[in-house]
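# Remarks on the overall topology
Listed below, chain by chain, are the residues.
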Amino acid sequence: MHIFVAHNDALAEIEKLMLSRFCSVMIISFYLTWLICQIDTMHTYDWFFGILHGFFFIPNFIRSCLTGSLYIALDHTTAYTVFYWISAVASLPAIIYIVVRPGRFKKNSHHPDTLPDIKTH
């Protein structure tokens, strides 16, 4: 029984850590979205802005649902569309990696983010 309690405590700590990382990533990305991804309907956007708008696709989409702002430019070039979708798809694994960070939860490490040693006796 003691083993399962220690294991559940370790899992709870990992969940807390992952939730705090996720919240940190989302707060930073919402701020950056607000700062650099304001879409003007009177402006034609090119490939560079396709990369920016695509990279911040998730927070920009959530922001558009909450505030009614645009998450993709209405007036844009073909290169904008191509780079928008390339960077939107590429940003998803990056966000998952930042939140989960495989290899960070190793046993017998002295880092505070790692699993504690679980005694079996």
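Look above for the structure.
Now for a quick tour of the structure. These figures come from a predicted structure and were not determined experimentally.

Moving on to the overall build of the chain. Each helix and strand counted, the chain has four helices and zero strands in total. The linear arrangement of helices and strands in the chain, starting from the amino end, is α-α-α-α. Expressed as a percentage of the 121 residues in the chain, the buried residues total 25%. Counting only contacts in the chain whose residues sit at least 6 apart along the sequence, the fraction spanning at least 24 positions is 68%. For the chain, the computed accessible surface area is about 8,400 Å², with 71% contributed by carbon and sulfur atoms.

Residue placement: Val99 occurs in helix α4 (residues 78–100). Measuring from C-alpha to C-alpha, the distance between Val99 and Cys23 comes to 9.1 Å, with 76 residues separating the pair along the chain. Aside from chain neighbours lying at most four places away, what touches Val99 is Met18, Arg21 and Phe22.

Attention shifts here to the nonpolar core. Ile39, Tyr45, Ala73, Tyr80 and Tyr84 form the largest nonpolar core, which has five residues in total. Ignoring any residue separated from it by four or fewer positions in sequence, one finds Ile39 in contact with Tyr45, His53, Asn60, Leu70, Tyr71, Ile72 and Ala73.

How two aromatic rings sit relative to each other is given by the distance of their centres and the angle of their planes. Tallying each qualifying case throughout the model produces 14 aromatic pairs. Aromatic side chains Tyr45 and Tyr80 sit 6.4 Å apart centroid to centroid with 45° between the ring planes, which places their arrangement in the tilted category. Of this pair, Tyr45 sits in the loop between α1 (2–36) and α2 (47–55) while Tyr80 sits in helix α4, and the two are 35 residues apart along the sequence. Looking at Tyr80, the relative accessible area reads 0%, which means it is buried. Ring geometry for Phe48 against Phe49: centres 5.7 Å apart, planes inclined by 75°, an arrangement best described as edge-to-face. Aromatic ring contacts, followed pair by pair, group Tyr45, Trp47, Phe48, Phe49, Phe57, Phe61, Tyr71, Tyr80, Phe83, Tyr84 and Trp85 into a single cluster.

How each quantity is defined
- Residues numbered from 1 in each chain as written.
- Predicted model: local features only at pLDDT ≥ 70, side-chain atom pairs only at ≥ 80, totals over all residues.
- Heavy atoms only, no water.
- Helix = DSSP H or I, 4+ residues; strand = E, 2+ residues; numbered from the N terminus.
- Buried < 20%, exposed > 50% of the residue type's maximum accessible area, 1.4 Å probe, protein only.
- Contact = heavy atoms within 4.5 Å.
- Areas by Shrake-Rupley, 256 points an atom, 1.4 Å probe, with all protein chains shown as cover.
- Core = buried A, V, L, I, M, F, W, Y, C linked by side-chain atoms within 4.5 Å.
- Phe/Tyr/Trp six-rings, centres within 6.5 Å; stacked < 30°, edge-to-face > 60°.

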